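# Analysis of the macromolecular model
If you want the building blocks of each chain, they are given just below.
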Amino acid sequence: MYPRNKKKIVVAMSGGVDSSVAAALLKEQGYDVIGITMRLTELDKGAEAKKIADGLDIPHLSVDFRDVFKKQVVDDFIKEYKHGRTPNPCIRCNQFIKFDYLHQKAKELGAEFVATGHYARISHITSPVSQFKLLKGIDKRKDQAYVLYMMNQESLAHTLYPLGEMTKEEVRELAKKFDLPVAGKKESQEICFVEDDDYGRFIKENCPEAVKPGPIMDQDGNVLGQHDGIAFYTLGQRKGIGSHKSLPKYVVALDRKNNAVIIGGQEDLLAKELIADNVSYISGKAPDEPLNIKAKIRYNSLEAEAVLYSQEEEKVKVVFKRPQRAITPGQSVVFCKGDDVLGGGIIS
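Below is a summary of the structure that appears in this document.

Scoring rules and cut-offs
- Residues numbered from 1 in each chain as written.
- Predicted model: local features only at pLDDT ≥ 70, side-chain atom pairs only at ≥ 80, totals over all residues.
- Heavy atoms only, no water.
- Helix = DSSP H or I, 4+ residues; strand = E, 2+ residues; numbered from the N terminus.
- Buried < 20%, exposed > 50% of the residue type's maximum accessible area, 1.4 Å probe, protein only.
- Contact = heavy atoms within 4.5 Å.
- Areas by Shrake-Rupley, 256 points an atom, 1.4 Å probe, with all protein chains shown as cover.
- Lys, Arg positive; Asp, Glu negative; His and termini not counted.
- Charge placed at Lys NZ, Arg CZ, Asp CG, Glu CD.
- Polar contact = N/O pair within 3.5 Å; in protein donor to acceptor, adjacent residues only side chain to side chain.
- Salt bridge = Lys/Arg side-chain N within 4 Å of Asp/Glu carboxyl O.
- Pairing = 2+ DSSP bridges.

Okay, the overall build of the protein next. Within the protein, the regular secondary structure consists of 7 helices and 17 strands. Here the C-alpha coordinates of the protein stretch approximately 65 × 45 × 35 Å along the principal axes. When burial is assessed residue by residue, the protein has 52% of its 348 residues classed as buried. Long-range contacts, defined here as pairs at least 24 residues apart, represent 64% of the contacts in the protein between residues at least 6 apart. On the protein, roughly 17,300 Å² of surface is accessible, and the fraction owed to carbon and sulfur atoms is 49%. Charge centroids of the protein, computed over 51 positive and 49 negative side chains, lie 1 Å from each other.

Looking now at the side chain of Asp 277. If you trace the backbone, Asp 277 turns up in strand 12 (residues 270-281). A polar contact is formed between the side chain of Asp 277 and the side chain of Asn 278, at a distance of 3.3 Å. With residues near it in sequence (within four places) discarded, Asp 277 still touches Glu 314, Lys 315, Gly 345, Ile 346 and Ser 348.

Per the counting criterion, the structure on display carries 21 salt bridges. Salt-bridge contacts for Lys 136 lead to Glu 303; the nearest nitrogen and oxygen are separated by 2.4 Å. Taken as a pair, Lys 136 in strand 6 (residues 131-136) and Glu 303 in the loop between strand 13 (291-296) and strand 14 (304-311) lie far apart in primary sequence, 167 residues in all. One salt bridge in this structure joins Lys 176 and Glu 173, with 3.5 Å as the shortest N-O distance. Note that Lys 176 and Glu 173 are positioned in helix 6 (residues 168-177) at a spacing of 3 residues, about one turn of the helix. The exposed category is assigned to Lys 176, whose relative accessible area is 52%. Note on Glu 173: relative accessible area 49%, which makes it partly exposed. One network of salt bridges, with partners in common, ties together Arg 39, Glu 42, Asp 64 and Arg 66.

Our focus in this paragraph is the sheet that holds strand 1 (residues 8-12). Reading across the sheet, the 5 strands line up as 3-2-1-4-7 and stay open at both edges, with parallel pairing between neighbours. Pairing within the sheet leaves two strands with one partner each, and these edge strands are strand 3 (60-64) and strand 7 (159-160). One ladder, built from 5 bridges, connects strand 1 with strand 2 (residues 32-39); its direction is parallel. Following the sheet pairing, Ile 9 is matched in strand 2 by Val 33.

Glancing now at the environment of Val 194. Its place among the elements puts Val 194 in the loop between helix 6 and helix 7 (199-206). Taking the C-alpha atoms as reference points, Val 194 and Phe 69, separated by 125 residues in sequence, lie 13 Å from one another. Residue contacts for Val 194: discarding those within four places in its chain leaves Tyr 199, Arg 201 and Phe 202.

Don't take any of this as a statement about function, it's just geometry.
See the structure below:
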């Protein structure tokens, strides 16, 4: 399955069960494994990952990426919220930290490959031309290909995903087999640089201009109430906007120019198309003609049938067969055909 003539591999180790099992598996398969923990925030010390690496008898390094992480991920997160968008910082972390700086560090150590604990797969076809493909993980509940769509031929050629053919349950069983202390560790759903998962507090502390009070308005421009800052709201949100005429209302738009939260009914959240920019394709090439695809508009959403239309300047239009709920600027849309991930972009 893996290129065994390439013996030295860097494994990104977070201290969680997935990356720990990935490291253990690769060592068992005879690779020269180096564990690396990327220090991204002040909260991230890497002690748990080092303990696991010591138990596996593999070398462990902690690399300080705090400056570049702040610049590429945290500052972008704040900027997006400031402009009334809802970003996905994990995608930028994968793009700029894992597929850029970590791969560069691996090269410095003489390792040609980086492995992570993502639930995704990579295939290599040789005919009619040599090409790498990004495929969804076997475990549909854990599939993480959505956050990897910005990979390219170069990064895929030097990346391994040892868990892509496994389910989460199988990974936990392997953790027990390898006697890893994290076998029963709960998964974290938090953004790593927001300590208490309180995005509002984080934005208020780091970008106070994004949390100025302003009006809650209906789509006719009538003021119905006041909000504490548009950074506390996202499309589709119902909580925190009060009740209006005894009917359930939802956030249907964020008007950054007027610092207003616009509310409406459930039907006002539906849309049949979107525009995305910063688009990238796994193959490195945009399709020449409209393409029937399945598209996913956020990590936890279901795929939906759509047609992809390439546009100039790394933009696309995606037209859905059925209206989608709460298409959110700042989130990523990902294009797929079956298990094959074609690429994606940022919803604008």
